[in-house]
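# Working through the structure, step by step
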Amino acid sequence: MKYFFIVNRHAGADRSANVWDEVHQLLVQKKINFDAVETEYPQHAIQLARDFADQEEPDSVVVAVGGDGTLLEVLNGVRNSKNHLPIGYIPAGSGNDFARQLEISADPTMAMQRMVNTREARPLDIGASLSRRDGMVRYFTNNIGIGFDAKIVHKANTNGKSSLSKWHLESMAYISAIFQTLFQQKGFEFDLEIDDEKFHFENMFLASITNIEYFGGGVGIAPKASLTDGKLDIVLAEKMTTPKFVQLFAQLVTKGTHLDRPEVFFRQVERLKLVTGEAEYMQVNGESFGPSRYDLEVWVEQQDFWM
Ligand SMILES: Nc1ncnc2c1ncn2[C@@H]1O[C@H](COP(=O)(O)OP(=O)(O)OP(=O)(O)O)[C@@H](O)[C@H]1O
């Protein structure tokens, strides 16, 4: 097996550089067949992954070293190649939500051992989204979020990448951003189509289309999500009063019983369509987009992973 590593040394507020140094040493020690390239700018991993996959090297794996954003780019590169090579992943980001879902160790040596001990590719669900505005299809491993969570991601990302590692659930910066955004985020119109059912929401606050349980570095938005059920989970919350939000948030971070609340809409689907009435921020795997109006068709596909 040949491993092609795509390394974002800037992920995890630069922690990734240390992760990569440790992994690199192990690769050399264990005489593993590998090549490695470091990303030089945002989005570079898409092109690197696509170019490598296009070469049709037999028995090879493309490995992302970085956070959920780097994994997102590698996935999009591979899906845009004619060869959907298996993807490996060494988590080295701030949030690492995909690694959390799959219980991949944050310890680089353990993550690396798990990957090189793998004997066969494992097909897992990924999300695909077609923007009916620009005709582009984009893929994601974790989730698409519109509204509240996306605005928090936007704030974290514009606050400087070096401060991102401090944005964990328990950090004051995160909690204060949640409350600031709670007051700033207005309700927006949202149309949803699932099979033959159509829903119109006047006052949407957060719309999450998720393939995994977590977003935002360990927040369990979708406790029933699975990477092997062939479904995406839709979790919607309408704009609510502050006391109700506090109750919901407490349920979300403690017991995961928020899906039962009347302000929350929950479905598991293979395909959906959504349209936003207003320009909103969107986050995909923790990467920020917009603000913009969205008209998306989203569905589940499968991708081979090496882990
Ligand atoms: N050479 C580079 N210089 C600056 N930014 C880069 C470079 N290479 C990649 N990036 C960008 O770094 C960003 C952050 O990467 P990533 O999401 O992997 O880490 P993270 O944000 O720390 O982790 P997580 O998403 O798990 O919280 C991505 O938007 C990616 O495009």
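Residues numbered from 1 in each chain as written. Predicted model: local features only at pLDDT ≥ 70, side-chain atom pairs only at ≥ 80, totals over all residues.

### Some remarks on the confidence of the model for the protein
Taken as a whole, the protein shows an average pLDDT of 93; of its residues, 95% reach a score of 70 or greater. Taken over the whole predicted complex, pTM reads 0.95, whereas the ipTM for its chain interfaces reads 0.97. (pLDDT = per-residue confidence, 0-100.)

### Some thoughts on the UniProt feature "domain: DAGKc" (unreviewed entry) in the protein
As annotated by UniProt and renumbered to match this structure, "domain: DAGKc" (unreviewed entry) occupies residues 1-133. As a span, residues 1-133 carries 40% helix and 25% strand, and end to end its C-alpha atoms are 41 Å apart. (UniProt positions renumbered as here; feature names shortened; annotations may be inferred. Helix = DSSP H or I, 4+ residues; strand = E, 2+ residues; numbered from the N terminus.)

### Here we look at the domain arrangement of the protein
For the protein, the assigned domains read domain 1 (2-120) and domain 2 (127-302). Computed over C-alpha atoms only, the centres of domain 1 and domain 2 are separated by 26 Å. Put simply, the parts of the chain that give the side of domain 1 that touches domain 2 at least two residues each are α3 (68-79) and α4 (97-102). When grouped by side-chain class, the residues that make up the side of domain 1 that touches domain 2 number 5 nonpolar, 7 polar and 5 charged. (Domains from an automatic or database assignment. Nonpolar A, V, L, I, M, F, W, Y, C, P; charged D, E, K, R; others polar.)

### Notes on the site of the ligand
Taken together, the neighbourhood of the ligand is formed by 22 residues, with A11, G67, G69, G93 and G95 sitting nearest. In terms of residue count, the dominant contributor to the shell around the ligand is α3 (3 residues). Residues of the shell around the ligand, tallied by class, amount to 4 nonpolar, 15 polar and 3 charged. There are two domains that each give the shell around the ligand at least three residues, and those are domain 1 (2-120) and domain 2 (127-302). (Near = placed C-beta within 6 Å.)

### Regarding the nonpolar core
Here is a general trend for soluble globular proteins: nonpolar side chains tend to be buried in one another's company. In terms of nonpolar packing, the biggest core is built from 75 residues, with I6, A49, V62, V63, V65 and V74 touching the most fellow members. Element by element, the count of residues in this core is highest for helix α2 (residues 44-54), at 6 residues. Both of domain 1 (2-120) and domain 2 (127-302) provide at least three residues apiece to this core. When sequence neighbours within four positions are dropped, the list of residues in contact with A49 reads I6, V62, V74, G77 and V78. (Core = buried A, V, L, I, M, F, W, Y, C linked by C-beta atoms within 7 Å. Buried ≥ 20, exposed ≤ 12 C-beta atoms within 10 Å, placed from the backbone. Contact = placed C-beta atoms within 7 Å.)

### Quick look at the pairing of strand β6 (residues 137-140)
Of the two faces of β6, only one is covered, namely that formed by R138 and F140; the face formed by V137 and Y139 stays uncovered. Bridging between strand β5 (residues 122-131) and β6 involves 4 bridges; their strand directions are antiparallel. Its bridge partner lying in β6, S129 is registered against R138. (Pairing = 2+ DSSP bridges.)

### Focus on unusual backbone geometry
Following G290, the chain continues to P291 via a peptide bond in cis, the omega torsion being 10 degrees. Relative to the assigned elements, P291 resides in strand β16 (residues 287-292). The backbone of K31 shows a phi angle near 55 degrees, a positive value even though the residue is not glycine. Tracing the backbone through its elements, the reader meets K31 in the loop between α1 (15-29) and β2 (34-38). Judged by local crowding, K31 falls into the exposed class, with 7 C-beta atoms found within 10 Å.

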